[in-house]
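Inside the fold
The chain contents come next:
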Amino acid sequence: MSSAGCPMDPVLKAVTGRWTTSILWQLSCEGPLRFGELMGLMPQISAKVLTDRLRMLEKNGIVLRIQKSTIPPEVSYELTEQGRDLHQALRSLHEVALKWDAAGWLPDKGFPDPAVQQAAE
């Protein structure tokens, strides 16, 4: 990496993206989960997207896929040690998200104009 590069960029690229932070949050809070359990916790995600995101997280060494030799095979997913390193960062981002939500922040719109907010009160 060049001296001008930010060491966080590759990490953020690996853990962000549609549904990726939700998957990490669920695994961080709930512990190991089976595919169907993850689907149940995120009903809007498609099976294809969940599969793709889990494979990407596994490839990056953040999520571990555990398959038991049963019939049918039992597969679960959990955070690796490196994935667990993200726990505090995820909790901190969660706190920021709750604070910003309470302040009326909207994606791509920002925070409400304080002058407009005061006029509405």
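Rules and cut-offs
Residue numbering note: each chain is counted from 1, following its sequence as written. In view of the model being predicted, local features appear only for residues whose pLDDT reaches at least 70, and side-chain atom pairs are presented and counted only at 80 or more, with totals across whole chains, interfaces and linings using the full set of residues. Hydrogens and water are ignored here; the side-chain numbers use all heavy atoms of the structure. Only buried Ala, Val, Leu, Ile, Met, Phe, Trp, Tyr and Cys residues count toward a nonpolar core, and they belong to the same one when joined by side-chain atoms within 4.5 Å. Throughout, exposure labels follow a simple rule: accessible area from a 1.4 Å probe, protein chains only, divided by the maximum for the residue type, with under 20% read as buried, over 50% as exposed, and the rest as partly exposed. Helix numbers and strand numbers start at the N terminus; a helix is a DSSP run of H or I with at least 4 residues, a strand a run of E with at least 2. What makes two residues a contact is simply this: any of their non-hydrogen atoms within 4.5 Å. UniProt positions are given in the numbering used here, feature names are shortened, and annotations may be inferred rather than shown by experiment. To count toward a patch, a residue needs a relative accessible area above 30% and no salt bridge. Like charges then connect within 9 Å, nonpolar side chains (Val, Leu, Ile, Met, Phe, Trp, Tyr) within 5 Å. Per-residue and other accessible areas were derived by the Shrake-Rupley procedure at a 1.4 Å probe size, with only the shown protein chains allowed to occlude residues. We define a salt bridge as a side-chain nitrogen of Lys or Arg found within 4 Å of a carboxyl oxygen belonging to Asp or Glu. A pair of aromatic rings is counted whenever rings of Phe, Tyr or Trp (Trp by its six-membered ring) have centres within 6.5 Å, and the orientation is called stacked for planes under 30 degrees apart, edge-to-face for over 60 and tilted otherwise.

The name given to the protein in an unreviewed UniProt entry is Transcriptional regulator, with Tritonibacter aquimaris as the source organism.

With respect to the nonpolar core
Counting residues in each nonpolar core, the largest one holds 20 residues, and the members touching the most others are Ile23, Leu24, Leu27, Ile62 and Val63. Contributing elements (two or more residues each) for this core: helix H1 (8-15), helix H2 (20-30), helix H4 (47-59) and strand E3 (74-79). Contacts of Leu24, omitting those with residues within four sequence positions, involve Val15, Leu57, Ile62, Val63, Leu79, Leu86 and Leu90.

Observations regarding the UniProt feature "domain: HTH hxlR-type" (unreviewed entry) in the protein
The residues that UniProt annotates with the feature "domain: HTH hxlR-type" (unreviewed entry) are residues 6-105. Structurally, residues 6-105 comprises 59% helix and 14% strand, and the distance from its first C-alpha atom to its last is 27 Å.

Notes on the side chain of Gln26
Take Gln26: it is sitting in helix H2. Contacts of Gln26, omitting those with residues within four sequence positions, involve Gly31, Leu33, Leu38, Leu41 and Met42.

Section: a nonpolar patch on the surface
On the surface, Val96, Trp100, Trp105 and Phe111 cluster together into a nonpolar patch covering about 350 Å² of accessible area. Along the chain, Val96 turns up in helix H6 (residues 87-102). Exposure remark for Val96: the relative accessible area of 34% places this residue in the partly exposed category.

Some details on the packing of aromatic side chains
Scanning the entire structure with this criterion turns up two aromatic pairs. Residues Trp100 and Phe111 carry aromatic rings whose centres are separated by 5.3 Å and whose planes lie at 70 degrees to one another, so their mutual orientation is edge-to-face. Here Phe111 lies in the loop between H6 and helix H7 (114-120) and Trp100 lies in helix H6, a separation of 11 residues in the sequence. Its relative accessible area of 36% is what places Trp100 among the partly exposed residues. Aromatic rings pair up to connect Trp100, Trp105 and Phe111 into one cluster.

Comments concerning unusual backbone geometry
With an omega dihedral of -5 degrees, the bond running from Ile71 to Pro72 counts as a cis peptide bond. With respect to the helices and strands, the residue Pro72 is situated in the loop between strand E2 (63-68) and E3. For Asp108, which is not glycine, the phi torsion reads 65 degrees and is therefore positive. Within the secondary structure, Asp108 is located in the loop between H6 and H7.

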